[in-house]
Amino acid sequence: MALLSYLKQQNLQVQSFKVGPDYIDPMFHQYVTGKSCRNLDPVLTSEVYVQQCFARNIQYVDFALVEGVMGLFDGVSFNPPWPPLERFDPPCPPLERGVEDDGDGCFPDFVFDPPCPPLERGVEDECDSILLKQGEKDDGDGCFPNFVFDPPCPPLERGVEDESDSCFPDFASTAHISRLLNVPVLLVLDCSRLSSSVAAIAHGLISFDPNINFAGLILNRVGSDRHLQLLQNSLKSINLPVLGVLRRHQNINIPDRHLGLLPTDEMPDLDNLINDLAELAKTCFDWEKLLPLLKIHNEGSQHFLYSQVPPNNIIHFSLSNVKNIEKKKSQFLIGVARDRAFNFYYQDNLDILEELGAKIVFWSPLKDENLPAGVEGLYFGGGFPEVFAEQLSENILMRKAVRAAIISGMPTYAECGGLMYLSQAIIDFNSKSWEMVGILPTTAVMGKSLKLGYRQAITNIDTPLLAANTQVYGHEFHRSELIEAPARHLYKMWRIDEDKNRSKGTVEGWNFYQLHASYLHIHWGSRVDIPQRFINNLEEGRRKKEEGRRKD
């Protein structure tokens, strides 16, 4: 965030990205840059989509930042249902280690990730791992973006799972994303409990794979001048320049709770924090050397873009998936629940709906007393209904309006927090029960156990978004449980690394009226058939209403 804040303070156009399925970190990126942060997740979408999404969204900006996820090589075992991709080679030779970009117009991105465990939430540097790309920068969390990486064991075909277990899985890791985008790395090291050992850590990461090009080092959480001198002396044996030094700043932190950082909507003093980070960044980084690395150069950028995405492909999803789909002539009004209780949305999903002919109107289950006039479909994302359960429960008029709309047959999609809102009640962390919409015959109970991870799922029944026997990939992230299981489940689910033929899996999800409700978060980037089916159901609903009016 420090890099984003500083570059934005200089009135530069910055585009940010987030590796993985996270919703909260992108909120901070968007708050700083004024641009929607895009998620790069090849499990939820595809490797091709990751490349296209990145290439498309950096076309009109000066700089770009990709924040990684967890540790550099933390990924999953996954055998995707698409052919492996070839690694993209830039139009100019890779930089030698420690050699900065000479500004010749080549695409000089870089990615980074810390070689140490992520900091605890709320401690000065809140980031997971980061990908700095061409034009990318550090979000100030102290972890730098990631690498271009191939494991040091016999290479597997891209995306092909290693059955020998001799190599760790890194599909969808920060390393995997950097490999897909072919970018060098700016490595951030947490030095809070290190001195000479920092060289061993740096050496281990740098030598782990000879195909990785590192742009430089950032030393994070440095203490005294003496501490800095010890670190610098130790790193003399490492042929990489130190491009930044971040001192310890206990007064700079972002509060957290049960699902991670506190969202931006709940931080009234966020502007002050961003200003502090921007001021800090002015003196912490060697901008004379960093800016040439961060800048998106037109010549190299265009070569990269056109090699990945046809110039006329201006939509936000794979052209091959939508070639037979035409935008509807008449827009369909979809009411998207967005407020402090519901704010987990992938911007790409909303963009795709609009590109397919929908008009998005936002409304608040917390504050509004009725649904937007003329709305024909509803979309409930995840969020924190458990935190605002009392206010949601007190808004009786809205709960009745939502219930009536769903019972009338309005196509509705609800993920995670949205599912909880549509249940009979939410029992919060204090064991207090709050009445909800009451469509689903079950109650959501908050608990200590965290359900987290990628899932593969197969639909059991037809819904407004998916036909029966359709396979999808999604992500779960919640601390609630439902008291009653569905009589007829929507999904049968497995972990992404489970063998469906050997594991019983679990059942989950509800389908009443024209409602699709599940804990599973889905990104529609490479599955435009999902929102297209939603639009088709809206069209069918409109047709039935018009027929009814003609009969009257």
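A brief look at the structure comes next. What you see is a predicted model; the values in this text were computed from it and never measured.

Okay, the layout of surface pockets next. One number sums up the size of the largest pocket: a volume of about 840 Å³. If you go around the largest pocket, you meet 36 residues; those closest to its centre are Val69, Met70, Leu452, His475 and Phe477. For the lining of the largest pocket, the secondary-structure elements that each account for two or more residues are α2 (24-33), β9 (260-261), β18 (443-459) and β19 (471-482). Among the elements that make up the lining of the largest pocket, the one with the highest residue count is β18 (five residues). Class assignment of the residues belonging to the lining of the largest pocket gives a composition of 18 nonpolar, seven polar and 11 charged.

Take the sheet that holds strand β13 (residues 377-380) next. Spatial strand order, β12-β10-β13-β15-β22: five strands in an open sheet with parallel pairing. Among the strands making up the open sheet, the edge pair consists of β12 (358-363) and β22 (515-518). Strand-to-strand twist of the sheet, defined as the mean angle between neighbouring strand axes without regard to direction, takes the value 15°. Here six bridges tie strand β10 (residues 332-337) to β12, and the two strands are oriented parallel to one another. Across the sheet, residue leucine 333 finds its bridge partner in β12, namely lysine 359. Its contacts with the sheet put helix α11 (residues 347-355) on β10, β12 and β13, and the angle it makes with β12 is roughly 135°. Packing against the sheet, helix α15 (residues 529-551) makes contact with β10, β12, β13 and β15 (412-415), and its axis sits at approximately 120° to β10.

Packing of helix α3 (residues 47-57) against helix α4 (residues 174-181) brings their axes to within 10 Å, and their N-to-C directions diverge by 65°. The pairing of α3 with α4 is recorded here as roughly perpendicular in orientation. Here α3 runs over α4; the crossing is right-handed. In contact with Glu47, Val50, Gln51 and Phe54 of α3, α4 contributes His176, Ile177, Leu180 and Leu181.

The next subject is the packing of aromatic side chains. Taken as a whole and judged by the stated rule, the model has 17 aromatic pairs. Centre to centre, the rings of phenylalanine 78 and phenylalanine 171 are 5.0 Å apart; their planes meet at 65°, and the pair counts as edge-to-face. Note that phenylalanine 78 is positioned in the loop between β3 (63-67) and β4 (131-132) and phenylalanine 171 in the loop between β4 and α4, a separation of 93 residues in sequence. For the residue pair phenylalanine 78 and phenylalanine 171, the accessibility class agrees, reading buried in each case. An aromatic cluster is built from Tyr23, Phe344, Tyr346 and Phe384, whose rings are joined through pairwise contacts. Its end group placed over the ring of phenylalanine 384, arginine 257 keeps NZ or CZ at 4.1 Å from the ring centre.

Cut-offs used in this document
Residues numbered from 1 in each chain as written. Predicted model: local features only at pLDDT ≥ 70, side-chain atom pairs only at ≥ 80, totals over all residues. Heavy atoms only, no water. 1 Å grid on protein atoms, 1.4 Å probe; cavity = no way out; pocket = protein on both sides within 12 Å on 5 of 7 lines; lining within 4 Å. Points joined across faces, edges and corners; volume = space filled by probe spheres on them. Helix = DSSP H or I, 4+ residues; strand = E, 2+ residues; numbered from the N terminus. Nonpolar A, V, L, I, M, F, W, Y, C, P; charged D, E, K, R; others polar. Pairing = 2+ DSSP bridges. Axes fitted to C-alpha atoms, helices over the stretch in contact; angles between N-to-C directions. Contact = heavy atoms within 4.5 Å. Parallel < 35°, antiparallel > 145°, perpendicular 65-115°, else oblique. Left-handed = near helix turned anticlockwise from the far one by under 90°. Phe/Tyr/Trp six-rings, centres within 6.5 Å; stacked < 30°, edge-to-face > 60°. Buried < 20%, exposed > 50% of the residue type's maximum accessible area, 1.4 Å probe, protein only. Lys NZ or Arg CZ within 6 Å of the ring centre and 35° of its normal.

It is worth stressing that arrangement in space is one thing and function is another; only the former is reported here.
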